[in-house]
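Topology and contacts: notes
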Amino acid sequence: MSKQHTLYLADDRLLLVKSHANKKLLTVEASWQQQLPQGTILNGIINDTDALVDGLVQLKKQAKLSSTKVRLVIDSSQIMAKTLSVPLSLSAKETAGVVRTELSELDSGERDLVFDYTELPPTQQQELLCFGIERPLLAQITELFEKAGIKLSGITSALSSCVQMVQFLPQLANLSFILCVLDGQTVVTYLFAGGRYLMNARSRLITERGTPAVLGELLGRVSSMLQFSQSNKSAEPAQTVYFCGLEPNEEPGCRVIADTFHITAQPFPDVEQVAYNAHAGILLPEMFPMSGCM
């Protein structure tokens, strides 16, 4: 099993995880974090390139990276995403052409975009999760990592990584649920129906992190997702809300969500498909947005 280094570009910090995996088990070997000055990154948009490069250099020293290539996971409001069904008979080249056409029609600015897609479990057709991102943004990220002396093996979106992790975990395979991922003051809420990704929504938290009141602020976001879930006729409505990235003092606030909507609301639980070495230093809920591409 080959070892992999995966780096998540969060709003307030850099998170690097060393892992190895097979088809049934993900093993976390070690992790390193580097805090970033407030405002360095906001909603995936890099506002302070010097601060980011400095943070990457410090992280490289911590992890003693030399020629090791790193897979980068980004979560940005600038990434276009769309689910799409295509015939199973299409070749890879034909599928790429359909993805390009579909996403180009969504872009009114005629921007220079790079396109990619993730294959979802097929039904009568091949299901795809498609992405489009501006080429200059990718060029900027690549340049900043080169300045820091870190080589990239690839770039993946947090949405794609989350969806792949849900597919990896058997207990989520047929479950309808909501996944709330908190990253600093940013929260991304994902809806899954029968194990299949439906949609996500991004917003900023006003409440200061570290108190149960944070969960009270999420009532509206959860309510919207529940309403959409109940209108979906292809699977049972969501009855569970999982939270990733909660601080310890925020966890009691799960009761607010549970009591308001009469559902289960809890931090994401331990799973037997993820193991940790003695120096792992991190658990799945803290790294969920990057775990699916490990």
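As shown above, the structure is provided for reference.
Residues numbered from 1 in each chain as written. Predicted model: local features only at pLDDT ≥ 70, side-chain atom pairs only at ≥ 80, totals over all residues. Heavy atoms only, no water.

This part takes up the overall build of the protein. Helix and strand counts for the protein come out as eight helices and 16 strands. At 19 Å, the protein has a C-alpha radius of gyration in line with the 19 Å of a compact globule built from 294 residues. If one aligns the C-alpha atoms of the protein with their principal axes, the spans along those axes are about 50 × 50 × 40 Å. Every one of the 294 residues in the protein was classed for burial, and the buried ones make up 49%. Sequence separation of 24 or more characterises 64% of the internal contacts of the protein that already satisfy a separation of 6 or more. Of the roughly 14000 Å² of accessible surface on the protein, a fraction of 49% belongs to carbon and sulfur atoms. (Helix = DSSP H or I, 4+ residues; strand = E, 2+ residues; numbered from the N terminus. Rg over C-alpha atoms; globule rule 2.2 N^0.38 Å. Buried < 20%, exposed > 50% of the residue type's maximum accessible area, 1.4 Å probe, protein only. Contact = heavy atoms within 4.5 Å. Areas by Shrake-Rupley, 256 points an atom, 1.4 Å probe, with all protein chains shown as cover.)

Glancing now at the pairing of strand 11 (residues 177-183). Along strand 11, seven of the seven residues are buried, which leaves the element largely enclosed by surrounding structure. Here strand 11 shows two buried faces, one formed by Phe-177, Leu-179, Val-181 and Asp-183 and the other by Ile-178, Cys-180 and Leu-182. As defined by bridge partners, strand 11 adjoins strand 12 (residues 186-193) across seven bridges and the pair is classed as antiparallel. Bridging across to strand 12, Ile-178 finds its partner in Leu-191. Between strand 11 and strand 12, which follow one another and run antiparallel, lie two residues, and Gly-184 among them has a positive phi close to 60°. The pairing of strand 11 with strand 14 (residues 240-244) spans five bridges and is parallel. Of the residues in strand 14, the one forming a bridge with Phe-177 is Thr-240. (Pairing = 2+ DSSP bridges.)

Pairing is mixed across the open sheet formed by six strands, whose spatial order is 10-6-1-2-3-16. Two strands in the sheet have a free side with no partner beyond their single neighbour: strand 10 (151-157) and strand 16 (274-276). Strand-to-strand twist of the sheet, defined as the mean angle between neighbouring strand axes without regard to direction, takes the value 35°. Two elements, strand 2 (residues 13-21) and strand 3 (residues 26-35), share nine bridges in a ladder whose sense is antiparallel. Within strand 3, the position partnered with Leu-15 by the bridge is Gln-33. (Axes fitted to C-alpha atoms, helices over the stretch in contact; angles between N-to-C directions.)

With that out of the way, let us pick up the nonpolar core. Generally speaking, soluble globular proteins have nonpolar side chains that are buried together. One finds Leu-7, Leu-52, Leu-179, Tyr-190, Phe-268, Met-287 and Phe-288 to be the most contacted residues of the largest nonpolar core, which totals 65 residues. Ignoring sequence-local partners within four residues, the contact set of Phe-268 consists of Leu-169, Leu-172, Leu-179, Tyr-242, Phe-243, Cys-244, Leu-284, Pro-285 and Phe-288. Counting residues in hydrophobic clusters, the runner-up holds 21 residues, among them Ile-178, Cys-180, Leu-226 and Ile-257. (Core = buried A, V, L, I, M, F, W, Y, C linked by side-chain atoms within 4.5 Å.)

Let us now look at the sheet that holds strand 8 (residues 113-120). Two strands in a sheet stick together by hydrogen bonds in their backbones, pointing the same way (parallel) or opposite ways (antiparallel). Ordered in space as 7-9-8, the three strands form an open sheet in which the pairing is antiparallel. Bordering the open sheet on either side are strand 7 (80-86) and strand 8, each of which pairs with just one other strand. In this sheet, neighbouring strand axes are inclined to one another by 25° on average, regardless of whether the strands run parallel or antiparallel. The pairing of strand 7 with strand 9 (residues 126-134) spans seven bridges and is antiparallel.

Here the focus is unusual backbone geometry. Here Lys-64, not a glycine, exhibits a phi torsion of approximately 55°, which is positive. Using a relative accessible area of 74% as the deciding quantity, one classes Lys-64 as exposed. Backbone geometry places His-262, a non-glycine residue, at a positive phi of 55°. Among the structural elements, His-262 can be located in the loop between helix 7 (254-261) and strand 15 (264-267).

With that settled, consider the packing of aromatic side chains. Counted by the stated rule, this structure contains five aromatic pairs. Arranged with centres 5.9 Å apart and planes meeting at 65°, the rings of Phe-192 and Tyr-197 form a pair that is edge-to-face. In this pair, the class of Phe-192 matches that of Tyr-197, namely buried. In textbook terms, an aromatic cluster arises when at least three aromatic residues are bridged by ring pairs, as seen for Phe-177, Phe-192, Tyr-197, Tyr-242, Phe-268 and Phe-288. (Phe/Tyr/Trp six-rings, centres within 6.5 Å; stacked < 30°, edge-to-face > 60°.)

Turning our attention to the pattern of salt bridges. With the rule as written, the count across this model stands at 12 salt bridges. Here Arg-221 ties to Glu-217 by a salt bridge, and the two come within 3.6 Å at their closest N and O atoms. The class of Glu-217 is buried, set by a relative accessible area of 16%. (Salt bridge = Lys/Arg side-chain N within 4 Å of Asp/Glu carboxyl O.)

None of the figures reported here should be taken as evidence of function without further support.
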